[in-house]
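Residues per chain are reported as follows:
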Amino acid sequence: MHKACRVNLDYWLRRLSGQATCVFGEKSKLKSTARIRNIGGDSRRIKIGRNTLIGGELLVFAHNGNISIGDWCYVGEGARIWSAGSIVIGDRVLISHNVNIFDSLTHPLNARQRHEQFKEIFLTGHPHSIDLGEQPVVIGHDAWIGANVCVLRGVTIGEGAVVGAGSVVSRDIPAFSIAAGNPARVIGELTPDER
């Protein structure tokens, strides 16, 4: 059997047997559209809190990555949360459909290194040693990330903040603020009572 096919088969056999997916909180649910991709094979690297509904994709890379999602959260269909470092999402966070959250570049900037990464993924699976410029992402309690938002590495979105649909978040968003645009900027404020 071709080595790439064997790697893929091993992944699916582990997934079907219930190994190497995630730590799943009480009463949380996966929609039929959900996908958990734990390439690193350690279930502790993806933690989903209680009463949380996942409709999108959670992925940790083979070399590193940790995703922690709090209680009573929602991750909409088509959303992608990809970690090569650390993504921490607080409690009661609403992540709308087609949101992308990345804590790394996902590929090397250097063209030769990028091609080598692709070849390794294609031939043997994701690399177990690679630098993707990881920078942590933190999303505070009670935040709402609108549809089609892209959250880039190194960003903190504060407690109770709202990010408008289609925004690109490339810098921190303060707590209890409304941000929108590309790049996202603060366009309004909320009081803690309005959250």
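Quantities reported herein were computed from a predicted structural model and do not represent experimental measurements. (Residues numbered from 1 in each chain as written. Predicted model: local features only at pLDDT ≥ 70, side-chain atom pairs only at ≥ 80, totals over all residues. Heavy atoms only, no water.)

Draft legend 1. How the structure looks around the overall build of the chain. Each helix and strand counted, the chain has two helices and 20 strands in total. Looking at the 195 residues of the chain, the share that counts as buried comes to 42%. If you take every contact in the chain between residues at least 6 apart in sequence, the share linking residues at least 24 apart comes to 27%. Per element, the accessible surface of the chain, about 10,100 Å² overall, is 53% carbon and sulfur. (Helix = DSSP H or I, 4+ residues; strand = E, 2+ residues; numbered from the N terminus. Buried < 20%, exposed > 50% of the residue type's maximum accessible area, 1.4 Å probe, protein only. Contact = heavy atoms within 4.5 Å. Areas by Shrake-Rupley, 256 points an atom, 1.4 Å probe, with all protein chains shown as cover.)

Draft legend 2. Local environment of the environment of His63. With respect to the element layout, His63 can be found in the loop between β6 (57-60) and β7 (67-69). Separated by 68 residues in the primary sequence, His63 and Asp131 place their C-alpha atoms 9.0 Å from one another. Contacts of His63, omitting those with residues within four sequence positions, involve Arg45, Ala84, Pro127, His128, Ser129, Ile130, Leu132 and Glu134. Side chain to side chain, His63 and Glu134 meet in a polar contact 2.7 Å long. (Polar contact = N/O pair within 3.5 Å; in protein donor to acceptor, adjacent residues only side chain to side chain.)

Draft legend 3. Examining the sheet that holds strand β11 (residues 94-95) more closely. The strand order across the open sheet built from eight strands is β2-β5-β8-β11-β14-β17-β19-β20, with neighbouring strands paired in mixed fashion. Each of the sheet's edge strands pairs with one partner strand only, and the pair in question is β2 (29-30) and β20 (185-189). Pairing analysis gives two bridges linking strand β14 (residues 144-145) to strand β17 (residues 162-163), with the strands arranged parallel. Each bridged residue has a counterpart across the sheet, and for Ile145 the counterpart in β17 is Val163. (Pairing = 2+ DSSP bridges.)

Draft legend 4. Inspection of the nonpolar core at higher detail. If you look at the biggest cluster of nonpolar residues, it comprises 34 residues, and the most contacted ones within it are Ile81, Ile95 and Ile157. At the level of elements, β4 (46-48), β6, β7, β10 (87-89) and β13 (137-139) are the ones that each hand at least two residues to this core. When residues no more than four places from it in sequence are discounted, the contact partners of Ile95 are Tyr74, Val75, Gly76, Ala79, Ile81, Ile89, Ile101 and Ile145. Counting six residues, the second-largest nonpolar core is a separate cluster that includes Phe61, Ala62, Ala84 and Leu132. (Core = buried A, V, L, I, M, F, W, Y, C linked by side-chain atoms within 4.5 Å.)

Draft legend 5. Quick peek at the packing of aromatic side chains. Within the structure shown, the criterion is met by three aromatic pairs. Aromatic side chains Phe61 and Trp82 sit 6.3 Å apart centroid to centroid with 80° between the ring planes, which places their arrangement in the edge-to-face category. Here Phe61, found in the loop between β6 and β7, pairs with Trp82, found in strand β9 (residues 80-83); they are 21 residues apart in sequence, far enough to count as distant. When its relative accessible area of 5% is taken as the criterion, Phe61 is described as buried. Judged by centre distance (5.5 Å) and plane angle (75°), the rings of Trp82 and Phe102 are edge-to-face. Of this pair, Trp82 sits in strand β9 while Phe102 sits in strand β12 (residues 100-102), placing them 20 residues apart in sequence. (Phe/Tyr/Trp six-rings, centres within 6.5 Å; stacked < 30°, edge-to-face > 60°.)

Draft legend 6. Expanded view of the sheet that holds β12. The strand order β3-β6-β9-β12-β15-β18 describes an open sheet built from six strands, whose pairing is parallel. At either end of the open sheet lies a strand with only one pairing partner, and these are β3 (35-38) and β18 (168-169).

Draft legend 7. Structural view of unusual backbone geometry. With an omega dihedral of 0°, the bond running from Asn182 to Pro183 counts as a cis peptide bond. Its location among the elements puts Pro183 in the loop between β19 (177-180) and β20. Phi at Lys27 is positive, roughly 65°, even though this residue is not glycine. Tracing the sequence through the fold places Lys27 in the loop between β1 (23-24) and β2. In this structure Lys27 comes out as exposed when scored by relative accessible area, which is 62%.

Draft legend 8. Quick peek at the confidence of the model for the chain. In this model, the chain carries a mean pLDDT of 90, and residues with pLDDT of at least 70 account for 89%. Segment residues 9-19 is flagged for pLDDT under 50; beyond a separation of four residues in sequence, or across chains, it makes eleven contacts in the model. (pLDDT = per-residue confidence, 0-100.)

Draft legend 9. Representation of the environment of His126. Residue position: His126 is located in the loop between α2 (111-123) and β13. His126 sits 87 residues away from Ile39 along the chain, and the two C-alpha atoms are 7.5 Å apart.

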